[in-house]
Amino acid sequence: MSNQDPSSSNPGGITPVGTGASGPLPSPASSEPSVRLEASRPRNVLREPAPWLVADSSRALDINHRITQGYIQLAHELQALLEPGYQPGGSSRVLCNWFAFAPHASLEAGKGMLGAYLARAIIDTAQGEPSPSIQRALDRGGLSGPDRLVAEKVAGTLRFFGLSHDVAASLGTLLSAANLDVLADPRTLWITTWRMARVLHDAPGALPLDKAESVVRTLEQLLLDGNVAIYGDIATAARAYLEWRGRSGGNEVKPLQVVEGFALDGASVGEARRAREYALEHVKDSPQPTHFATVLPEVGGRSLLVAAFALFEDARRTAEGPERNALIGFANNYLAWHEQHNAVQPAFTPATPRTGEVPRDALMHAMTPTLRLPLGPVAWEFSDYADRQPDRDHNFLTSKPTEYNWALFEDRWPAILDAFDVGYRNQAGLWQMPQPLIQSLDLLEVD
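Computed from a predicted model, the values in this text were never measured in an experiment.

A. Geometry of the overall build of the protein. Summing up its helical and strand segments, the protein has 17 helices and 2 strands in all. Within the protein, buried positions represent 58% of all 447 residues. For the protein, the exposed area adds up to about 17,900 Å²; of that, 54% sits on carbon and sulfur atoms.

B. Geometry of the packing of helix α5 (residues 165-174) against helix α7 (residues 208-247). Axis separation between α5 and α7 bottoms out at 9 Å; the angle between their running directions is 10°. As judged from the angle between their axes, α5 and α7 are roughly parallel. Facing α5, whose interface residues are Asp166, Val167, Ser170, Leu171 and Leu174, α7 presents Pro208, Leu209, Ala212, Val215, Val216 and Leu219. The residue inventory of the contact of α5 with α7, partitioned by class, reads 9 nonpolar, 1 polar and 1 charged.

C. Here's a closer look at the nonpolar core. The biggest cluster of nonpolar side chains holds 137 residues, and the ones touching the most others in it are Trp98, Phe99, Met196, Val215, Phe309 and Tyr334. Considering every element that reaches this core, the biggest residue donor is α7, with 18 residues. Apart from the residues lying within four places of it in its own chain, the contact partners of Met196 are Leu158, Leu171, Leu174, Leu175, Val215, Leu363, Ala366 and Met367.

D. Quick peek at the side chain of Glu83. Relative to the helices and strands, Glu83 is located in the loop between α1 (55-82) and α2 (102-126). Within the structure, the side chain of Glu83 is placed 3.1 Å from the backbone nitrogen of Arg93, a separation counted as a polar contact. Here Glu83 is in contact with Ser92, Arg93, Val94, Glu320 and Arg324, once residues within four sequence places are set aside.

E. Representation of the environment of Ser170 in the model. By the secondary structure assignment, Ser170 is in helix α5. As for Ser170 and Ala155, which are separated by 15 residues in sequence, their C-alpha atoms are 7.9 Å apart. Those residues within four positions of Ser170 in sequence are excluded, and the remaining contacts are Ala119, Ile122, Ile123 and Ala212.

F. Main features of the pairing of strand β1 (residues 372-375). In this sheet, strand β2 (residues 378-381) lies alongside β1 in antiparallel orientation, the contact comprising 4 bridges. The residue of β2 that forms the bridge with Pro374 is Ala379. The antiparallel pairing of β1 with β2 creates a hairpin that spans 2 residues between the two strands, and Gly376 there sits at a positive phi of about 75°.

G. Inspection of the packing of aromatic side chains at higher detail. As enumerated under the stated definition, the model contains 29 aromatic pairs in all. Considering the side-chain rings of Phe382 and Tyr404, the 5.5 Å spacing of their centres and the 80° angle between planes classify their relative orientation as edge-to-face. Placement of Phe382 in helix α15 (residues 382-387) and of Tyr404 in the loop between α15 and α16 (409-425) is noted, with a sequence separation of 22 residues between them. Pair check on accessibility: Phe382 and Tyr404 agree, each one buried. With a centroid separation of 5.9 Å and 85° between ring planes, the pair formed by Phe420 and Tyr424 is classed as edge-to-face. One end of the pair, Phe420, and the other, Tyr424, are both in helix α16, 4 residues apart, so they sit about a helical turn from each other. Exposure remark for Phe420: the relative accessible area of 6% places this residue in the buried category. An aromatic cluster of at least three residues, connected via ring pairs, comprises Tyr278, Phe292, Phe330, Tyr334, Trp337, Phe409 and Trp413. When the ring centre of Phe396 is taken as origin, the NZ or CZ atom of Arg187, which lies over that ring, is 4.8 Å away.

Criteria and thresholds
- Sequence order as written defines the numbering, with residues in each chain counted from 1.
- Totals for whole chains, interfaces and linings use every residue, but because this is a predicted model, local features are given only for residues with pLDDT of at least 70 and side-chain atom pairs only at 80 or more, for both listing and counting.
- In computing side-chain properties, one takes all heavy atoms of the structure into account and sets aside hydrogens as well as water.
- Secondary structure elements follow DSSP: runs of H or I of four or more residues count as helices, runs of E of two or more count as strands, with numbering from the N terminus.
- Each residue is assigned to one of three classes by its accessible area relative to the maximum for its type, calculated with a 1.4 Å probe on protein chains only: buried under 20%, partly exposed between the two thresholds, exposed over 50%.
- Using the Shrake-Rupley algorithm and a 1.4 Å probe, accessible areas are obtained, with residue cover drawn only from the displayed protein chains.
- Here an axis means a line fitted to C-alpha atoms, over the contact stretch when the element is a helix, while the angle between two N-to-C directions is reported on a 0 to 180 degree scale.
- Roughly parallel refers to an angle under 35 degrees, roughly antiparallel to one over 145, roughly perpendicular to one between 65 and 115, and oblique to any angle outside these ranges.
- Contacts were defined at the residue level, with two residues in contact if any of their heavy atoms lie within 4.5 Å.
- Charged residues are taken to be Asp, Glu, Lys and Arg, nonpolar residues to be Ala, Val, Leu, Ile, Met, Phe, Trp, Tyr, Cys and Pro, and polar residues to be all remaining types, Gly included.
- For the purposes of this section, nonpolar cores are sets of buried Ala, Val, Leu, Ile, Met, Phe, Trp, Tyr and Cys residues that join through side-chain atoms within 4.5 Å.
- Whenever a nitrogen or oxygen atom comes within 3.5 Å of another N or O atom, the pair is scored as a polar contact, on the condition that within protein one atom can donate a hydrogen and the other can accept it, and that pairs from neighbouring residues in sequence are kept only if both atoms are in side chains.
- Should DSSP find at least two bridges between two strands, the strands are regarded as paired.
- Planes of paired rings set the category: under 30 degrees apart is stacked, over 60 is edge-to-face and the rest tilted, where pairs are Phe, Tyr or Trp rings (Trp by its six-membered ring) whose centres lie within 6.5 Å.
- The criterion is that NZ of a Lys, or CZ of an Arg, lies within 6 Å of the ring centre and within 35 degrees of the ring normal, and then a charge sits over that ring.

Structural data, given as structure tokens:
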């Protein structure tokens, strides 16, 4: 298999989203999340799926479920702070807070974990008897509905690279959450599947199924690491803030009191004060500043969190209307910047490659064109965003979505802001919080 990327003529083309309400979760304070999946398990020598063989995956899904529920609770509590009288289940008259987006993003991470769960079921069953067709392999994984159509299309194309039915079906299942329309462009389909095949070719493992398992495990662990890291950082800080606020006067708390009195590990009073002052100076700018490493190079990410909470207090003291919404939007951008620039980045590009994994940035490079974020009845799709941007390589043979890599902050940050705009324009739908990915986690357990 050649290692030359079909889009290598594009200089930028080489260069996809914590404690839960029902129980404690790890609260990582570094780039090494403490939740890890087991590295080994017994092989399936049966001819039918054996769910107990991928029981470690159900742990990831359980963590994701509790994280999503925790985000929903925080979204409602903070919106009630911003708009007294707000009630969960209704819509809000003011701009939504960052946590209203978080459950939707967390659920998408859960969908990726579920795709990995099903892909590993395909791999495990194939240890006993290879599938005679892609359709049979997908039957073994239990994939159905629109997701199956995507998986079939991807797997069918992967077969052109010499992959077996089972390996192709398992990798197709990883991409099954994509909108089928994204892959209607043959350039996107071909480059995406070529990159997946290249990742597989370079994966650790002696046999094709072992290599496929390395790819699947990498995506599952990447999503888990990011999910836990963001929640353990930002949601934990928000919960600590709400508790501090309750002890410090509740609605009598003043913005400057937040900056000077709310102690958050890793934050500086001076930095938080500077960030709040900068926001107040530029809150009426259109568009608002968003490249905070440039305009606030001396301010750390945890200080931005404190400043964001202070801006929420500024907003609640401002009359409803554009000015209050602008303050909330600035606070949301501070939260999102720290989320993407600091909290989640190590999940995409760990400082030390993980044993038994494929390169995470290469895997995300392949998956980037297929990324999407449902926000209630509407969905933000990366391909739509990319199609509105200038053509990076001016090469007709490469579609615009394939010219980005979600693992790179500089590619991801403008897209995140675009997703925020879609959510702001569809707030009523945004507050339709997602239902649990799996109605009963007991479905993942075998008596």
